[in-house]
Amino acid sequence: MNAAREARTAGRTWFGADWNPEQWDREVWRTDVELMVAAGVNLATVGVFSWSSLEPRPGKYTLDWLVEVLDLLAEHGIDADLATPTASPPPWLGVRWPETRTVTETGVRLSHGSRNHFCPSSPVYRERCRAVVAELVRRCAGHPAVALWHVGNEYGQVCFCDLCAEAFRRWLQRRHGDLDTLNRAWGTAVWSQGYAAWEEVLPPRAAPYVVNPAQRLDFRRWTSDALLELYLEQKELIRAADPTTPITTNAMGFFAGVDYRRWTPHLDVVSDDSYPDPADPASVVGSAMTADLMRGLADGRPWMLMEQAWSTVSWREHNVAKSPARMRREAFQALARGADGLCWFQWRQAADGPERFHSALLPTAGPDTRQHRAVRALGAEVAALGRLPGAVPAEVAVLFDWPSWWAHSEAGLPSARLRPLEQLRRWYEVCWRQGTTVDLRGGGDDLAGYRALLAPTAFLLDAATRERLTAAVEGGAHLVLGPFSGVVDEHTRLWQEPVPAGLAGPLGARVEEHLPLPDDAAVELHPEPGTELPAGRALLWAEWLRAEQAEVWLRFAGGPADGGPAVVSRGWGRGRVTYLGCVPDDALLAAVLTRCLGLAGAATDPGHPDGVEVVRRGGDLLLLNHADGPRRYRLAEPMTDRLTGARHAGSIELEPDAVRVLTKEDL
Ligand code: GLA
Ligand code: ZN
C-alpha cells in the first residue's frame, strides 16, 4: 500500500487545502472532490477541528464519516493530510473537566465557544487526546489516502493555571537542579523575590509592576517544551501504528509562542502557515524571509506551505484582497525558496462561523468565477512543473534565535524601539534587494561553509553560541553583529565582561555604553577614509565604543557618542568580525552589509534590478518581479522558461508580476 502511495506522490508538488466536510451535507462532498481534481488539488487536510464530530460524547466515537471522506479522496487520487483534532476540544470536555481549559495571566479561565481553549498540562486533556488519536489511528492508519499526518494545529497555547505551575516547577527542577541555583539564575535578590520553597515558584502571572525577566524567559521556554510534549505524545501513537507516513504539525513562521528550532527535528516535513498582508507591498520580503526560516529549520528535510490565503483573510481589521497575479507570485516564491507543497486555508469558503468571510480556493460564488479560474490555472502550472528538484544554495546565513528574540522583547531594556524582528527584517531586506540568497539559521546550527554570518539581533548570546561563532570566524567566516549584541547570557543576566561578550576580544573593541538617541537628534555617520562607504544617518541608537585593535569604518558625528566609532571591524583567524554600534539608515546599512559580504567573498550584484526576486533552486533559476513596473534581468547564459518553453539569452524582460522558472536545458 505504501509503495503504491509513494509511486503516486513521488515527483508531485503538493497542491491543496484544508477541507472541512463535516461542515457540509454529504451531497457537497462528491462535488468538492470532483472540483478538486479539476483544480489540480492533490492534497486535502482533513479533521483539523473535527473533535466534536468524531467524539460527540465522551468515549462515543463516530469516525465512519471520516473513513468515507478518506475513501472518496483515495478514489479520486487525492492524498489526505490527516489531522488529529486536538486543537479544539468539544464542549463536553471543558464543561465536565473545567481544569482542561486555559487560564490567562490575570487568572481568567477561558471558555469553549471558540477554539484552542486547552491547558497543555491537564492530565485529563492529554488522556482524552491520546484516546481520540488512538481511535483515529485504529480506524485510519494504513488507509491508502493517508500520505501525511498533521498533529494538532498551530500549537501556541499559553496557560498560567495551577497545573501549569506544577509542570513549570518540575521543568525548572530539571533545568536548574536546586532552588539556590534557580534563585541565582533568576536574580531573585532583586525586589525580595528569593524563593524558600518550590511551591512558591509560579508562572509569571499578572503582578503590580515589571515581572522578573529571567522568570518570563524560562516560562516561554517551558511553554514551548510543554507544547512539544503534546505533539510528541501524539506522534508516538501514530508512529506505533504507521511506521512510514510522514508526520508534521503546522508552524506559524516568526511566532513568538514556540521555539521552532527545538521542534522541527521531530517533524518529518516542516510545514508553515503564512499570511503576508496584501495591503503591504513589502510583505513579499517578509514572506521570503519566513520561507528561508522554514528551509533552515527543515535542515535538508522537505518543507511546505500548509496554509496561506488565496485572497483575503477575515482576522485583520481591514482585509485587503490579493490579486490572482500576486497570489501566483507568492506561490512561486515559496517554491523558489525550497517548498515542496502549496496548500491553502481552505478549500470551500465556510458558510458559518467566524471565518465565513475568509477567502478559499472555492468561493461561495462557485467555480465559475475569476478567483476559481485562477486557482485552476495555478494548479495546472504546478502540476505541469512537477516537483522542483534540488536544494537552494546560500553562501550567507542570517542568524536568528528564539531565546534572544524573547529576551530582547521584555520590558526594562534601554529602548523598546530597537525591535529585534524589525532589525532582522531590515538586514534580510538588504540581501533580498540585491538577489543574495540567505539561509536563516540558529546559533546552535552547523554553520560550516557559510562565507558570512549576519547576526542583526544577538542580544542573548549564551556561552556555547559565543564559542561556536568564534570558531566559525577562526575558520574563515565573516561575522557581522548588530547593535546591542552579546549583552546577556542564557538567563538574561548581563555578561560581566566586555561586550559583545566572547567576541570583544576577536573584534578588538568593546561597548561601554548603550545610548538610545533623543527623538530630535540629528546624528550622522561619517565614513573613515579607505572604507569607500557613504555617509548616512544613525537612527534610534548609538553606543559608546572603545576600539582598541579594531579598524573604524564609520564614526558618529553629533549626538551622545559624537566623534566615537560607530562601526568597527577586525580580521581574526582566517575570518573577520564586524560590529555595528548603531542603526544606520537603509542606504548606509545596505552599503555596510554589502561591503561585509564583499570582504567575505560572497557574491553580490550591485546592478540587481529593484523588486526582482531571484533564487536558484537546483539547476533552475526562478525570477519574480514584485515591482510596479517592468524590469530587465541579465542572464549569465541562455536559459529556457519551463512554464512557457520560451528561450531567453542576454537579458530577460519581466513585466510586473512576472514569474519565470528558467532552466539551462533546451526543452
Ligand atoms: C490559521 C488556522 C486556520 C484558519 C486560518 C485563517 O492558519 O490554522 O484554521 O483559522 O488561520 O487564516
Ligand atoms: Zn494550564
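For the structure itself, consult the block above.
Definitions and cut-offs
Residues numbered from 1 in each chain as written. Chains lettered and ligands numbered in written order. Predicted model: local features only at pLDDT ≥ 70, side-chain atom pairs only at ≥ 80, totals over all residues. Heavy atoms only, no water. Donors = N, O, S within 2.8 Å, 3.2 Å for Na, K, Ca; no water. Tetrahedral: all angles 85-135°; square planar, octahedral: opposite > 155°, others 65-115°. Buried < 20%, exposed > 50% of the residue type's maximum accessible area, 1.4 Å probe, protein only. Helix = DSSP H or I, 4+ residues; strand = E, 2+ residues; numbered from the N terminus. Expected span 1.5 Å × (residues − 1). Polar contact = N/O pair within 3.5 Å; in protein donor to acceptor, adjacent residues only side chain to side chain. Pairing = 2+ DSSP bridges.

Enquirer: Describe in detail the coordination of the zinc ion (ligand 2), supporting the description with residues and values.
Expert: C119 (SG), C159 (SG), C161 (SG) and C164 (SG) make up the full set of protein donors to the zinc ion (ligand 2), lying at 2.3 Å. Classification of the site at the zinc ion (ligand 2) rests on its 4 donor atoms, whose angles at the metal span 101 to 118°, yielding the label tetrahedral. In primary-sequence terms, the residues that donate to the zinc ion (ligand 2) follow C-x39-C-x1-C-x2-C. Residues C159 and C161 agree in their burial class; the two are buried.

Enquirer: Can you explain helix 18 (residues 586-600)? Please cite residues and give values.
Expert: Its 15 residues give helix 18 an end-to-end C-alpha distance of 21 Å, which sits within 8% of 21 Å, the value for a rise of 1.5 Å per residue. Along helix 18, the residues that are buried comprise L588, L589, V592, L593, C596, L597 and A600. Sitting at the amino-terminal end of helix 18 is D585, which places a side-chain oxygen 3.0 Å from the backbone nitrogen of A587. Positive backbone phi, approximately 80°, marks G601, located one or two places after helix 18.

Enquirer: Explain the sheet that holds strand 23 (residues 620-625) to me, and be specific about the residues and the numbers.
Expert: Reading across from one edge, 22-23-28-25-26 is the order of the 5 strands in this open sheet, with antiparallel pairing throughout. Whereas interior strands pair on both sides, the edge strands pair on one side only; in this sheet they are strand 22 (612-617) and strand 26 (647-648). Of the strand pairs in this sheet, strand 25 (residues 639-641) and strand 26 are connected by 2 bridges, and their pairing is antiparallel. Looking across to strand 26, one finds that M639 is bridged to H648.

Enquirer: An account of the pairing of strand 3 (residues 79-83) is needed here, citing residue identities and associated values.
Expert: Each regular strand carries side chains that alternate between the two faces of the sheet. Of all 5 residues making up strand 3, 5 are buried, and the element is well covered by its neighbours. With burial as the criterion, each face of strand 3 is covered, one bearing D79, D81 and A83 and the other bearing A80 and L82. Bridging between strand 2 (residues 43-46) and strand 3 involves 4 bridges; their strand directions are parallel. Following the sheet pairing, V46 is matched in strand 3 by L82. Across 4 bridges, strand 3 lies against strand 4 (residues 146-150) in parallel orientation.

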